Amino acid sequence: MPTESGLAAAYPRLFAPQRWEWGGLDAQFSTDVPPDELVTNVHLVGFSGEEVILCRDDRDVWFLPGGTREPGESVEDCARRELLEEAGAVLTGPLTVVGAHHCVTDRPLPYRPHQPHPEKAWLWCAADAAIVQAPTMPADAEQIVEVRAVPVAEAAVLLLTDQPWLPDLLMLAVRERGRTVRDGDRAAG
């Protein structure tokens, strides 16, 4: 696997320091897996065959499904719940951690009382998944108006409406998925 600096050169927008004003967050992406107790959010690049599952909300923004962990919820349980709520999809394979945004907020209180503060991490994972129903959308969540599995190239374009670094994250997930498949083929051979 390339070094962190090699990946940063390949995916510069993803590895660039971020400022997320909506949460008062300074965020830095890394492939280092954060301690579980710092993970407040789990998001997923869900692969349906060779396509990627995307959601579009009522603001006309395309995004990868995921969200905030509930108290006592495991990373996998959060990914499963968020995938069903936002995409009407289920995991059909194991989660693979792609990386995380390590964040520090300048807000005086945590987003939710059970979350760590001021440091936290947003975990980005990849897994095979399948759309099986309409999103379950809790009333207090973003309202999803469309869910689609689209080719990777189309997903990269659609994700530009949310964050300019999301296509880099997508391509890193595609790269890691290919590496995992190749490693599995070697182990089986």
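The structure presented is a predicted model; accordingly, all values stated were derived computationally and were not measured.

J.: Can you walk me through the overall build of the protein in this structure?
T.: Counting secondary structure elements, the protein contains 5 helices and 10 strands. For 189 residues, the compact-globule formula gives about 16 Å, and the C-alpha radius of gyration of the protein, at 16 Å, lands near that figure. Over its C-alpha atoms, taken along the principal directions, the protein stretches across nearly 55 × 40 × 30 Å. Expressed as a percentage of the 189 residues in the protein, the buried residues total 43%. A separation of at least 24 residues holds for 71% of the contacts in the protein among residues at least 6 apart in sequence. Total accessible area computed for the protein in this model is approximately 9200 Å², and 56% of it derives from carbon and sulfur atoms.

J.: I would appreciate a short explanation of unusual backbone geometry in the present structure.
T.: Comment: phi is negative for the bulk of residues other than glycine, and the bulk of peptide bonds are trans. Cis rather than trans, the peptide bond between His-117 and Pro-118 has omega equal to 5°. With respect to the helices and strands, Pro-118 occurs in the loop between β8 (96-105) and β9 (119-131). At Asp-60, a position not held by glycine, the phi torsion is positive, near 70°. Relative to the helices and strands, Asp-60 resides in the loop between β4 (51-57) and β5 (62-63). Residue class for Asp-60 comes out partly exposed when judged on its relative accessible area of 47%. Phi at Met-137 takes a positive value of approximately 25°, unusual for a residue other than glycine. Along the chain, Met-137 turns up in the loop between β9 and β10 (144-151).

J.: Any chance you could explain the layout of surface pockets here in plain terms?
T.: Estimates place the volume of the largest pocket at around 1000 Å³. Within the residue set of the lining of the largest pocket, elements represented by two or more residues are β3 (39-48), β6 (66-68), α3 (75-87) and β9. Per element, the largest residue contribution to the lining of the largest pocket is 4 residues, and it comes from α3. Across the lining of the largest pocket, the residue classes break down as 15 nonpolar, 10 polar and 13 charged.

J.: Got a minute to help me understand α3 in this structure?
T.: Note on helix geometry: an α-helix contains 3.6 residues per turn, so any two residues three or four positions apart are oriented the same way. The end-to-end C-alpha separation of α3 is 17 Å, in line with the 18 Å expected for 13 residues at 1.5 Å each. Along α3, the positions that sit buried rather than exposed are Val-75, Cys-78, Ala-79, Glu-82, Leu-83, Glu-85, Glu-86 and Ala-87. Just downstream of α3, Gly-88 is the residue with a positive phi angle, here 65°.

J.: I tried to follow the pairing of β4 on my own but got confused; where do I start?
T.: Side-chain direction in a regular strand flips from residue to residue, so the side chains alternate between the two faces of the sheet. The buried fraction of β4 amounts to 5 of the 7 residues, a majority that puts the element mostly inside the structure. Here β3 runs beside β4; their pairing, made up of 2 bridges, is antiparallel. In the strand pairing of β4, Phe-47 is matched with Val-52. Counted along the chain from β3 to the antiparallel partner β4, the turn is 2 residues long, and its residue Gly-49 has a positive phi close to 65°. Pairing between β4 and β10: 7 bridges, direction antiparallel. If you follow Cys-55 over to β10, its bridge partner there is Val-147. Of the pairings in the sheet, the one linking β4 to β5 comprises 2 bridges and is antiparallel in character.

J.: Could you clarify how one ought to interpret the side chain of Asn-41 in this entry?
T.: Within the secondary structure, Asn-41 sits in strand β3. Note on Asn-41: relative accessible area 7%, which makes it buried. Here Thr-40 takes part through its side chain, which lies 2.6 Å from a polar atom of the side chain of Asn-41. In this structure the side chain of Asn-41 is engaged in a polar contact, spanning 3.2 Å, whose partner is the side chain of Thr-68. Not counting chain neighbours up to four residues away, the residues in contact with Asn-41 comprise Gly-67, Thr-68, Arg-69, Ala-121, Trp-122 and Leu-123.

Criteria and thresholds
- Residues numbered from 1 in each chain as written.
- Predicted model: local features only at pLDDT ≥ 70, side-chain atom pairs only at ≥ 80, totals over all residues.
- Heavy atoms only, no water.
- Helix = DSSP H or I, 4+ residues; strand = E, 2+ residues; numbered from the N terminus.
- Rg over C-alpha atoms; globule rule 2.2 N^0.38 Å.
- Buried < 20%, exposed > 50% of the residue type's maximum accessible area, 1.4 Å probe, protein only.
- Contact = heavy atoms within 4.5 Å.
- Areas by Shrake-Rupley, 256 points an atom, 1.4 Å probe, with all protein chains shown as cover.
- 1 Å grid on protein atoms, 1.4 Å probe; cavity = no way out; pocket = protein on both sides within 12 Å on 5 of 7 lines; lining within 4 Å.
- Points joined across faces, edges and corners; volume = space filled by probe spheres on them.
- Nonpolar A, V, L, I, M, F, W, Y, C, P; charged D, E, K, R; others polar.
- Expected span 1.5 Å × (residues − 1).
- Pairing = 2+ DSSP bridges.
- Polar contact = N/O pair within 3.5 Å; in protein donor to acceptor, adjacent residues only side chain to side chain.

Note that all results are geometric; they support no functional claim without further evidence.
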